[in-house]
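One letter stands for each residue in the lines below.
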Amino acid sequence: MKIIGHATVLTFGENHKVINDGAVAFDEKKIHAIGTTDELKKRFPKAKIKNVKGRLVMPGIVNNHMHLYSTFARGISLKDAPPTNFVEILERLWWRLDKALTPDDLYLTAMIPLLDAVRNGVTTLVDHHASPNCIGGSLEALAKAFRKCGLRGNLCYEISDRDGQEKCDAGFEENANFIRALKLENNSDLTAMIGLHASFTLSDTSLERAAELMKGLNTGVHIHVAEDQADNEDAIKRGYRSVVDRLHKFKLTGPDSIFVHGVNCDAHDIQTLGLTKTNVVHNPRSNMNNGVGCAPLEKMMAEKIDVSFGTDGMSASPLEDLAVANILHKHEARDPRKIYGEAWRMFTVNGPKLAHKLFKKKIGVIEEGAMADLVVWDYIPPTPVTEGNTFGHLTFGLPFSRVLTTICQGKTLMDEGKIAFLEEGEEEELCARSRELAQSLWERF
Ligand SMILES: [Zn+2]
């Protein structure tokens, strides 16, 4: 048994508590107890206590929409004129970058952001992968990086018709093979879904096939939805009311599916998502960066949709998305009262709830029986922390602090800033190799 003590413990979850001079007792199976440091010392007299001197301890962060493959895009120069809209961003950047990826690139495109995840206290990531010229085996390459880091991951390959039938078929095969292989492996920290790019690059036949596969493998789909109005315009051209209407008619909505963005969802769409209990992931920084608009978050939450945060590849941690959502929705509505309760719930309740569904275990909360995913921040609260004001510390304090210790499933992945699973000099070597591979990808791009 290990104990982190003399901490300011934030539990998150439906019954969020702040415990001053608090402690958490845990091992690799679960969290055994939480309480004050004195209480836990008496209960577990033989346990070793790590004294964090009042620093903040909270659950490992969950990122519900990530693109690890976007790693080599940092600093890339586009060869064409700068894109003027969302579809051009896909055509001139992402659909060229994903085609330039080779099997050699995949492991490092995952390792680099996963190291960032560890450094930023993110212990669970839901990824959406694309590499049209190396589809078969691509998810296993990413899984290898998750295993090396000891992080929890849900993976999928984004099926699309945009590159022809052969690649579409290969996408289906990769998802199905990987899901079946994981079921045999019985590793509860790696799970998978069926990835779909977006309605506007998928034929009716592919959507039908995805629905069948979803039923056959007892899982959901992870898909971009109405990120830009162009996605709706395409669905309307095909004879549907909207993207959500089209996906719903193909039975792809539901509590096992993740619909990402929903920026251009109207009241009718939002009602459909609410009634079908479809999960929605909000990525405010990505939406702002692509200039696609601001998702109708308040309306979604009013329909009791479980909206949570993702980063869409912008970085490993959605903590910054929480801070940005807090100001974006006030700015958008020109109303400083907006979004406190919604953003708080998305980060501390809904994010963990979706992870719980995907991994079938309690994640993202500090309570007895939950997985021991713990983060110690180098943040000694300079103002009182209470159940009612934790949001203020999350949005105005933590984004400017660093993580000292990251623990996933009771295993220490980083302590006092040192990554536990890398040898001396290994991180420098990984980054050097990453720069080489990125340079060569930029030449192929
Ligand atoms: Zn995305």
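Engineer: How should the packing of helix 12 (residues 319-333) against helix 13 (residues 340-359) be read in this particular structure?
Structural biologist: The relative placement of two packed helices comes down to the angle between their axes together with the axis-to-axis distance. Direction vectors running N to C along helix 12 and helix 13 enclose 160°, while the axes themselves pass 10 Å from each other. Classified by the angle between their axes, helix 12 and helix 13 sit roughly antiparallel to one another. Between helix 12 and helix 13 lies a crossing of right-handed hand. Note on element contacts: helix 13 touches helix 12 through Tyr-340, Ala-343 and Phe-347, opposite Leu-319, Leu-322, Asn-326 and Lys-330. Residues of the contact of helix 12 with helix 13, tallied by class, amount to five nonpolar, one polar and one charged.

Engineer: Before we go on, may I ask you to explain the pairing of strand 3 (residues 31-36) in this structure?
Structural biologist: Here is the key point about a regular strand: its side chains alternate between the two faces of the sheet. Here five bridges tie strand 2 (residues 18-26) to strand 3, and the two strands are oriented antiparallel to one another. By the bridge assignment for strand 3, Ala-25 is matched with Ala-33.

Engineer: Explanation requested: the nonpolar core in the structure shown.
Structural biologist: Where a protein is soluble and globular, its nonpolar side chains tend to be buried together. Among the nonpolar cores identified, the biggest contains 108 residues, and Met-58, Leu-151, Leu-196, Leu-252, Trp-377 and Phe-421 are the most heavily contacted of them. With nine residues, the single largest contributor to this core is helix 3 (residues 103-119). Those residues within four positions of Leu-196 in sequence are excluded, and the remaining contacts are His-128, Tyr-157, Glu-158, Ile-159, Leu-202, Leu-207, Ala-210, Val-221, His-222, Ile-223, His-224 and Leu-252. Ala-7, Val-365, Ala-370 and Leu-374 belong to the second-largest nonpolar core, a separate cluster that totals 16 residues.

Engineer: What exactly am I supposed to notice about the side chain of Thr-272 here?
Structural biologist: If you trace the backbone, Thr-272 turns up in helix 9 (residues 267-275). Since its relative accessible area comes to 13%, Thr-272 is described here as buried.

Engineer: Could you clarify how one ought to interpret the pattern of salt bridges in this entry?
Structural biologist: Once their charged atoms are close, side chains differing in charge can pair, the charge on each being opposite to the other. Here the structure, examined in full by the defined rule, presents 33 salt bridges. The residue Arg-238 makes a salt bridge to Asp-234 at a minimum N-O spacing of 2.7 Å. For Asp-234, a relative accessible area of 17% gives the class buried. What emerges from the salt-bridge pattern is a single network uniting Asp-98, Lys-99, Glu-158, Arg-162 and Asp-163.

Engineer: Please explain the coordination of the zinc ion as it appears in this structure.
Structural biologist: When four donors bind a metal tetrahedrally, each ideal donor-metal-donor angle is 109.5 degrees, and when six bind octahedrally, the ideal angles are 90 or 180 degrees. For the zinc ion, the protein coordination sphere consists of His-65 (NE2), His-67 (NE2), His-224 (NE2) and Asp-312 (OD), at 2.0 to 2.1 Å. Of note is the zinc ion, whose four donor atoms meet at the metal with angles of 93 to 157° in an arrangement that counts as irregular.

Engineer: Just to check I follow, could you spell out the domain arrangement of the protein chain for this structure?
Structural biologist: Interfaces are often described in size by the accessible area the parts lose on coming together. Domain assignment breaks the protein chain into domain 1 (2-60 + 364-409) and domain 2 (61-359). Placing the centre of domain 1 and that of domain 2 at their C-alpha centroids yields a distance of 30 Å. Counting from both sides, the interface comprises 25 residues of domain 1 and, opposite them, 24 residues of domain 2. Carbon and sulfur atoms supply 70% of the area buried between domain 1 and domain 2, which totals about 1,800 Å² over both sides. Applying the counting criterion to the domain 1 and domain 2 interface returns six residue pairs in polar contact (both at pLDDT 80 or more).

Engineer: Is there a simple way to think about the sheet that holds strand 8 (residues 152-155) in this case?
Structural biologist: In any sheet, the strands associate via hydrogen bonds between backbone groups, in a parallel or an antiparallel arrangement. Reading across from one edge, 6-7-8-10 is the order of the four strands in this open sheet, with parallel pairing throughout. In this open sheet, the two edge strands, each paired with only one partner strand, are strand 6 (61-66) and strand 10 (190-192). Within the sheet, the average angular offset between the axes of one strand and its neighbour, ignoring direction, is 15°. Bridge count between strand 7 (residues 122-127) and strand 8: three bridges; the pairing is parallel. Within strand 8, the residue paired with Val-126 across the bridge is Asn-154. Contacting strand 7, strand 8 and strand 10, helix 4 (residues 138-149) runs over the sheet at an angle of about 170° to strand 8.

Engineer: What am I meant to see in the packing of helix 3 against helix 4 here?
Structural biologist: Contact geometry for helix 3 and helix 4: axes closest at 8 Å, N-to-C directions at 35°. Between helix 3 and helix 4 lies a crossing of right-handed hand. On the side of helix 3, the interface is formed by Leu-106, Tyr-107, Ala-110, Met-111 and Leu-114, while helix 4 contributes Ser-138, Ala-141, Leu-142, Lys-144, Ala-145, Phe-146, Lys-148 and Cys-149. In terms of residue class, the contact of helix 3 with helix 4 is made up of ten nonpolar, one polar and two charged.

Engineer: How should I be thinking about the side chain of Thr-278 in this particular structure?
Structural biologist: Among the secondary structure elements, Thr-278 is positioned in the loop between helix 9 and strand 14 (279-282). For Thr-278, a relative accessible area of 1% gives the class buried. There is a polar contact of 2.7 Å between the side chain of Thr-278 and the side chain of Thr-276. Setting aside chain neighbours within four positions, we find Thr-278 in contact with Thr-253, Gly-254, Ser-257, Phe-259, Leu-273 and Ile-305.

Engineer: It is not clear to me how the environment of Cys-168 should be interpreted in this structure. Could you clarify?
Structural biologist: With respect to the secondary-structure elements, Cys-168 resides in helix 5 (residues 165-185). In contact with Cys-168, not counting residues within four places along its chain, are Ile-159, Ser-160, Asp-161 and Ser-206.

Engineer: Quick question: what am I supposed to make of a negative patch on the surface here?
Structural biologist: Taken together, Glu-423, Glu-424, Glu-428 and Glu-429 make up a surface patch of like negative charges. Position of Glu-423 relative to the elements: it lies in the loop between strand 19 (418-419) and helix 15 (426-444). Judged by its relative accessible area of 61%, Glu-423 is exposed.

Engineer: Explain the pairing of strand 5 (residues 56-59) here, please?
Structural biologist: Note: strand 1 (residues 2-10) against strand 5, two bridges, orientation parallel. Across the sheet, Val-9 pairs through a bridge with Val-57, a residue of strand 5. Two strands pair when backbone bridges link them, and strand 5 and strand 16 (residues 374-377) are joined in this way by three bridges, in the antiparallel orientation. Its bridge partner being in strand 16, Val-57 is matched across the sheet by Val-376.

Cut-offs and rules
- Every residue gets a number counted from 1 within its own chain, in the order that chain's sequence is written.
- Only residues with pLDDT of at least 70 get local features here, since the model is predicted, and only at 80 or more are side-chain atom pairs given and counted; chain-wide, interface and lining totals rely on the full set of residues.
- Each side-chain value is worked out from all heavy atoms of the structure, with water and hydrogens disregarded.
- A fitted line through C-alpha atoms represents every axis, and for helices the fit uses only the stretch in contact; the resulting angles, taken between N-to-C directions, go from 0 to 180 degrees.
- What counts as a helix is a DSSP run of H or I of at least four residues, what counts as a strand is a run of E of at least two, and both are numbered from the N terminus.
- Working definition: roughly parallel below 35 degrees, roughly antiparallel above 145 degrees, roughly perpendicular at 65 to 115 degrees, and oblique for all remaining angles.
- A crossing counts as left-handed when the near helix is turned anticlockwise from the far one by less than a right angle, and as right-handed when that turn is clockwise.
- The criterion used for residue contact is that any of the two residues' heavy atoms lie within 4.5 Å.
- Any residue that is not Ala, Val, Leu, Ile, Met, Phe, Trp, Tyr, Cys, Pro, Asp, Glu, Lys or Arg is counted as polar, Gly included; the first ten are nonpolar and the last four charged.
- The pairing criterion for strands is at least two bridges between them, as found by DSSP.
- Definition used in this section: a nonpolar core is a set of buried Ala, Val, Leu, Ile, Met, Phe, Trp, Tyr and Cys residues joined via side-chain atoms within 4.5 Å.
- Throughout, exposure labels follow a simple rule: accessible area from a 1.4 Å probe, protein chains only, divided by the maximum for the residue type, with under 20% read as buried, over 50% as exposed, and the rest as partly exposed.
- For this document, the term salt bridge refers to a Lys or Arg side-chain nitrogen within 4 Å of an Asp or Glu carboxyl oxygen.
- Keep in mind that water is not among the atoms, so a site may look incomplete; donors are the N, O and S atoms within 2.8 Å of the metal, or 3.2 Å for Na, K and Ca.
- Under the classification used here, a metal with four donors is tetrahedral if each angle lies between 85 and 135 degrees, square planar if opposite donors are over 155 degrees apart and the others between 65 and 115, a six-donor metal meeting that same test is octahedral, and anything else is irregular.
- Domain start and stop positions are those given by an automatic or database domain assignment.
- Here's the idea: put two parts together, see how much 1.4 Å probe accessible area each one loses, and the total over both is what we call buried area.
- Pairs of N or O atoms are called polar contacts if they sit within 3.5 Å, as long as, within protein, a hydrogen donor faces a hydrogen acceptor (for residues adjacent in sequence, only side-chain-to-side-chain pairs).
- Patch definition: residues with relative accessible area over 30% and no salt bridge; like charges joined within 9 Å; nonpolar side chains (Val, Leu, Ile, Met, Phe, Trp, Tyr) joined within 5 Å.
- For the accessible areas, the method is Shrake-Rupley and the probe is 1.4 Å, while residue cover comes only from the protein chains on display.
- We score Asp and Glu as negative and Lys and Arg as positive, and we do not count His or the chain ends.
- By convention, charge coordinates are those of NZ in Lys, CZ in Arg, CG in Asp, or CD in Glu.

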